[in-house]
Structures are given as C-alpha cells and as structure tokens.
Amino acid sequence: MKKYTNDLINSSSPYLLQHAHNPVNWVEWSEEAFTKAKDEGKLVLISVGYSACHWCHVMEHESFEDEAVAELMNKYLVCIKVDREERPDVDQIYMNAVQLMTQQGGWPLNCFALPDGRPIFGGTYFPKNNWMEIIQQLWKTYQEDLPRVEEYAKQLTEGVINSELVEVVEPKQDFDPATLTEMVQKWKQIFDFEEGGDNRAPKFPMPNNFEFLLRYGYQLNDQTAINHAHKSLKKMALGGIYDQLGGGFSRYSVDHLWKVPHFEKMLYDNGQLLSVYAKAYQHDNQLIYKDVIDQTIAWMMREMRHKDHGFYSALDADSEGVEGKFYTWTKTELQDVLKEDFDWFSEFYNVNDVGYWEDNQYILLRKSTKEEWCSEKGMSLIKFEQQLELAHQKLNKVRDQRTHPGLDDKQLTSWNAMTIKGLAEAGLALQNTNYIDEAKKTANWLVDHQLNNDNGHLYRTRKDGKSKINGFLEDYAHVIDAFITLHETTFEQKWINLAKTLLDFTTDHFYDEQSKMFFFTDKDTELLTRKLEVNDNVIPASNSVMAHNLFKLGKLYHSDKYVQMSKQMLSNVYDQMPRYGAGYSNWALLALSYTEPFHEVAITGEDAVQIRYELGESYIPNVVYGGGNKVTTPFLQDKAFTQQSTIYICEDFACQAPTQEITEALSILKG
C-alpha cells in the first residue's frame, strides 16, 4: 500500500503515473486546476517533463518525493504535471516563457504562473534547497507586491504572444539559389570535419540536416556537403550513441565523439533516422547503413511495438535508478560471457581506454566498419559476420536478463507517422517488401484508432486501448506526409485520398489567414496564445512539413492553390534561412524543389508498382511519384493505361516522351 496517492493515478501517461504516489498533490492540466487556484488564492506550478527524461527523475527523487518539499508546494501552489509528449502545446508556451526569462530551456521545465495561467517565473532543474527557497520567495512577493507581479506577468505574456510571430511577405515567384549557397557556406564554418555533425557538444542526431546536406551536395555537386552527411551518419553508426548490440539510437551524445549517449531511446529519432539512412544507402551502398536499418527495425519490432501495430514512444535512460546500466559492460562480464572470443571482440568494440566510461563500465563502440576490420585482419567478411552474430546473441541473452529500462508505452500519432515513412523508405532502399508491409500495418492502425471518423479529427495519443487529446499540427503534418509516402510507394489510392482529406481539414482548422502559416493548435484551442512552429529542430517544424505536403499534393492534384500556399510559406522564411542553416534544413529541402530541377513521375500499367519498387533502389531525391492501373489523382488523367507499363517523366507538368525502360528512366532522372 502506497503512503500517498494523488490525482495522477487516473492518468494514461506513463510519465504522469510515475508521479502518482508523490506526496505532492499533483493534478493534470485542466481548466479546473486554474479554477482551484483562483478559489484557493494560490499560485500555479506547471511542471513539464517526459518519461525518459533523466533530470526529471532526479528532481522527482530529490524534491517531489520529499515530504517537507511537498508540504511547501501543497501549501502555496496548485501543482500541474504535464507530459510534454502528450501536450506539446502547453510545453511550447511555457518553454517559450522560460526561455524569455532565462535565455535557456530544457526538461524538467518548471514554470510558476498566476491563477489565470500567465507565467511569472521559471527554469529547468532546481536542487532541493534552491527549489524550496524559490517557492517561499515567490509566495512572499506575490503577497506583498502583487502590482509588480501582475505587471511582470503582463509583459512576459506579451513577449510569449509576440515571439515567433511570422511576418507575411510578398510571395516569391522565383527563389534565389544564392540564398541556399550562402546558408550552406555559413553552416560549413561549424562542421566537425573529423567526427561529423556540428562542432559542439552535446551532439544530437539531426536527420533533416543530413538529408538536406546529402541532397544539396548531390544536386549542386558540392562534394563537401555530401562527404559531411556521410561522415556524420557513419560516425553515429560506429559510436556509442548507437546500440551496437540491440539496434536503435539514443537521444544524443554528451560529447563531440558520439561516444557517451544520454541513453534514452525515442521513437521519433529512430523513425526519422530510418529515412535518412535509407537515402544514404540509396546514394552509397555502404553495408553499415543497411546494418543500421535492419538492426534498428528489428529492435523496434521487438521492443517498441504493440500487438495492434502502433509503436510505443520511448525507452528510459535509466534502469534500477542508474543511467545506462542496461547497456554498458565491465570487462569481467564480457570475459565471462565471451570466453575465448573476448580478445577479438574487445578490440573490435574498443573495450579499452577508448570505450571506457566510468566505474569500470565500458560503452561498446567502433573505430572501423566490418569491411575495414576484415581487410586489416585478412579475414572473410562472411565468416566474421557469423562470428559477430554469435557473440551478439550470447551478450543479448545476458542483457535481456537485466532489469530493462522503463518503457513509455503510450502511442503518439505524429511519431508513428514518422516511423511509417521511415519503414516505407527503408523498404524501397533495401528492396525489402516486408518493411513496406509493416509500414502499411501501422498506417492502418492510425486510420483505425487515431482518426475520428465522426468529425475528421486526429487523436494525439493512445494508451490502454483509449485514444484521446485532439491532435496538433505536428500530428496532421506528419500523418499527411506518411500517407503521401505510402501512396508514392504502393500507388494505393486509399493513402492519397486520406492525405488530401486531412490536408483540407488541417487548412480549415489550423490555417492563419494573417501570416499564411499554420497554427500549432486548432481554432478551438483555449490557451494563452496560439503559437506558430517555424524552426526545424530534431523534429522538423510542423509548418515546414505542411509546406512540403502542399507542394507534393499540389503536383499530384494539379492544384495551383496548394502550390501557391506552399510558396507563400517558404517565402515567409526564405530570407532568414542563411542565418541558421541547421534550423531551416527542412525548409531548405523544399527550396531545392523550386531552385533545382524537380520531376513528376507517372508509372502506369500492370507492372507499375514493381517498377516503382525497383526505382526505389536508386537515390532520386527530386521527384514525386504517382501511378498504378487507374487514375488516382489529376496528375494521371492524361496518361495512357495500357497493359504494358509506361514511365512518364515530367517537369512542371511538361512531359518527355514516355519510356518502357527503367534504365532509360534512371538516366533521365539522374541527369
């Protein structure tokens, strides 16, 4: 029997449930919580985190589980716990407020507010004594100098409302390629040419950055950009940030070497990384890319998937209260398991000063690929792979008996959509139809459970068989993107119909006529303000994803309206892009579709899907596909549907002479 139980016990969020037995009287985000604060004359604490967040756990243990701290919090505050993954809209607003106050942000996010929700003070992790002092000082100031607190809340709220506003500009009919060149040249100044990524620590895998640099280098013959994308992806795959035994990438590396991960694994990172490794493999058939894709998908299927085919959100960094305990090894453990195989294994995976972490623990990482290793040792690659697989099996058997990291088993719509896209693109690149089939299963899960057929809304989250919370722009944008990708992969009409229906719904409910962009929240939202998400990050901005969706559906549906909306959105940010390339990489990908040749490819006839599948082996980033046995979009209306399959390659709807030969089509598309 637990000593304390608060209102979070009724939550569906694993993160909130982690706090259900704190002595703090936590409540979920609701209108009633603010009414309670008004009625009781208390301040509000909005405390935001997520289940795999290490420092969230630390602050919970130090402060929120402490009875003296809880007594203080309960006395002066109505305490609201928020799962940032369920409610990114709330996180966005109060993170913005804390960043305005402190010039930095992160999680746990702790923001104090007036009973009407206006922020007055905040920060991230606070040590226990500091936390107690802040609560008492804030309460004292609130009681003794309310006018000053009110004035500060007014100014800060105005700052939140006015920040990240987008000024609508005259739409560009032509985008100057020099802007992209300037952006890339400035960006190169912060490249880490030795280890990949940007020259900084911590280092985050940024899928969109690498995808852009690869395509930019390919289309503009910039070998430096191409090399940097490949160097980054290869170094990540060899590093400790990648789970060498089990597959999947951790959230980030704390150092510039990709060595020591922050051991949490997130679905959104891995779903997107499937896409970028697939494109890298199409461009340069390196075995390490294929291994990463196969191993990561195997991990996802094994540990991250519900039997209903939806994927879970995250694995914790900690097990048994220790970060990384599940993933690291002592020399003695490895020797006991591997016996006579220890010597070569320890050399290959750097069980030495290179891989040493702390407390006699080693992180498995590599300096060379399997081919490089075999070449150096004069070994057969096939034989070495068999040897390696046996060693992996032995270690994974032991590892599986350890206490596993906590699983955040809620299913999020947008993150599943990114994974659908990743699976489909991996299936094309590796010519593996199983991956495409798995993508379709998860897409059908989305349709069956996350799409409300009564009103057209998407739900944001699902857990324990219940879907809830209306979706945000991120959900709609990525689901539309995933469905377009599935249509381009399979030519099934279902997916393109759904993509267009959802695009029109999103325009009706999220579009801002003033800025010509999309709000993150729908028109029925009741928050301090409706925000616009513009900058690309680890997840690309929902507005940049929507601009891509409009561009592609504009091509497939011959819709000038969609194309002009896309152009307007890109125009709004275009001149700002050189300032910070990494923050505009998805916008820049769209810009390449305007500044460089872009093809519309129609494939008709009995073998249309097979031809599309075979084309998927090649790196052709500047194309949108339509096709099949019948007209599914206006783009196909003037094409011939004969028994023999035909490939039409068009640019701005002007088509070259059709061909029946894949090799001829490839030579045209690759220019």
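Counting restarts for each chain: residues are numbered from 1 in the order of the written sequence. Per-residue local features of the predicted model are confined to residues with pLDDT of at least 70, and side-chain atom pairs are confined, for both listing and counting, to 80 or more; whole-chain, interface and lining totals are unaffected and use all residues. No hydrogens and no water enter the side-chain calculation; it runs on all heavy atoms of the structure.

Peer 1: Which residues make up the overall build of the protein, and what are the values?
Peer 2: Scanning the protein for helices and strands turns up 25 helices and 21 strands. Here the protein has a C-alpha radius of gyration of 26 Å; the compact-globule value for 671 residues is 26 Å, and the two agree. Dimensions of the protein, computed from C-alpha atoms along their principal axes, come out at roughly 80 × 70 × 50 Å. Here's how the labels work: a residue is buried when its accessible area is under 20% of the maximum for its type, exposed when over 50%, partly exposed in between, all with a 1.4 Å probe on protein chains only. Sorting the 671 residues of the protein into buried and exposed places 62% on the buried side. For this analysis, residues touch if any pair of their heavy atoms sits within 4.5 Å. Within the protein, contacts between residues separated by at least 24 positions form 69% of all contacts whose residues are at least 6 apart in sequence. Shrake-Rupley sampling with a 1.4 Å probe provides the accessible areas, and residues are treated as covered by the protein chains on show and by no other component. A total accessible area of about 26600 Å² is found for the protein, and carbon and sulfur atoms account for 46% of it. Computed over 67 positive and 99 negative side-chain charges, the inter-centroid distance for the protein is 2 Å. By definition, any uninterrupted DSSP run of H or I lasting at least four residues is a helix, any uninterrupted run of E lasting at least two residues is a strand, and each is numbered from the N terminus. Both definitions apply: the radius of gyration is a C-alpha atom measure, and the globule rule equals 2.2 Å times residues to the power 0.38. A residue counts as positive if it is Lys or Arg and as negative if it is Asp or Glu; His and the chain ends are not included. Charged side chains are reduced to one point each, which is NZ for Lys, CZ for Arg, CG for Asp and CD for Glu.

Peer 1: Please set out empty space enclosed by the protein residue by residue, giving values where relevant.
Peer 2: Cavity means a closed set of points on a 1 Å grid over the protein atoms alone, one where a 1.4 Å probe fits but cannot get out, pocket means an open set with protein on both sides within 12 Å along at least 5 of 7 lines, and lining means a residue has an atom within 4 Å of a point. Grid points are joined across faces, edges and corners, and a volume is the space filled by probe spheres set on the points. On inspection of all chains with the given rule, the structure shows two cavities of 30 Å³ or more. Its volume calculated, the largest cavity comes out at about 810 Å³. Glu211, Lys279, Lys421, Glu425 and Lys552 are the residues nearest the centre of the largest cavity, which is lined by 42 residues in total. For the lining of the largest cavity, the secondary-structure elements that each account for two or more residues are α9 (207-220), α11 (267-283), α17 (413-429), α19 (473-490), α21 (542-556), α23 (585-595), α24 (608-615) and β19 (623-628). Across the lining of the largest cavity, the residue classes tally to 19 nonpolar, 14 polar and nine charged. One number sums up the size of the second largest cavity: a volume of about 120 Å³. Of the residues in the lining of the second largest cavity, the class split is nine nonpolar, four polar and two charged. Charged residues are taken to be Asp, Glu, Lys and Arg, nonpolar residues to be Ala, Val, Leu, Ile, Met, Phe, Trp, Tyr, Cys and Pro, and polar residues to be all remaining types, Gly included.

Peer 1: Quick rundown of the pairing of strand β4 (residues 109-113)? Include the residues and the values.
Peer 2: Most of β4 sits inside the fold, with five of its five residues counted as buried. Here β4 shows no split at all, with Leu109, Cys111 and Ala113 on one side and Asn110 and Phe112 on the other all buried. Strand pairing is assigned whenever DSSP identifies at least 2 bridges connecting the two strands. Bridge analysis of strand β2 (residues 43-49) against β4 gives five bridges, and the strand direction is antiparallel. Bridging across to β4, valine 44 finds its partner in alanine 113. When β4 meets strand β5 (residues 119-123), the two strands line up antiparallel, connected through four bridges.

Peer 1: Report on helix α25 (residues 662-669), specifying residues and quantitative values.
Peer 2: Within the span of α25, buried status applies to Ala665, Leu666 and Leu669. Projected onto a plane normal to the axis of α25, the buried residues spread over an arc of 100 degrees and lie on a single side. Immediately downstream of α25, the backbone of glycine 671 shows phi near 60 degrees, a positive value. Comment: arc refers to directions from the helix axis out to C-beta atoms.

Peer 1: Describe the packing of α9 against helix α10 (residues 223-238), with residues and values.
Peer 2: The angle between two axes is taken between their N-to-C directions and runs from 0 to 180 degrees, where each axis is a line fitted to C-alpha atoms and a helix contributes only its stretch in contact. Between α9 and α10, whose axes approach to 7 Å, the crossing angle comes to 145 degrees. Judged by the sense of rotation from one axis to the other, the crossing of α9 with α10 is left-handed. Contact residues: α9 offers Phe210, Leu213, Leu214, Tyr216, Gly217 and Tyr218, while α10 offers Ala225, Ile226, His228, Ala229, His230, Ser232, Leu233 and Met236. Of the residues belonging to the contact of α9 with α10, the class tally is ten nonpolar, four polar and no charged. Each crossing is labelled by how the near helix is turned from the far one, with a counterclockwise turn of less than a right angle marking it left-handed and a clockwise turn marking it right-handed.

Peer 1: Please set out the side chain of aspartate 522 residue by residue, giving values where relevant.
Peer 2: By the element assignment, aspartate 522 lies in the loop between β17 (517-518) and α21. For aspartate 522, which is buried and forms no salt bridge, the nearest opposite charge comes from arginine 530, at a distance of 5.9 Å. In the analysis that follows, any N or O atom pair within 3.5 Å is treated as a polar contact, provided that within protein one partner can donate a hydrogen and the other can accept it, and provided that, for residues neighboring in sequence, both atoms belong to side chains. Separated by 3.0 Å, the side chain of aspartate 522 and the backbone nitrogen of aspartate 524 make a polar contact. Aspartate 522 has contacts with His457, Asn470, His509, Phe510 and Arg530, leaving out every residue within four places of it along the chain. Salt bridge, as applied in this entry: a Lys or Arg side-chain nitrogen positioned within 4 Å of an Asp or Glu carboxyl oxygen.

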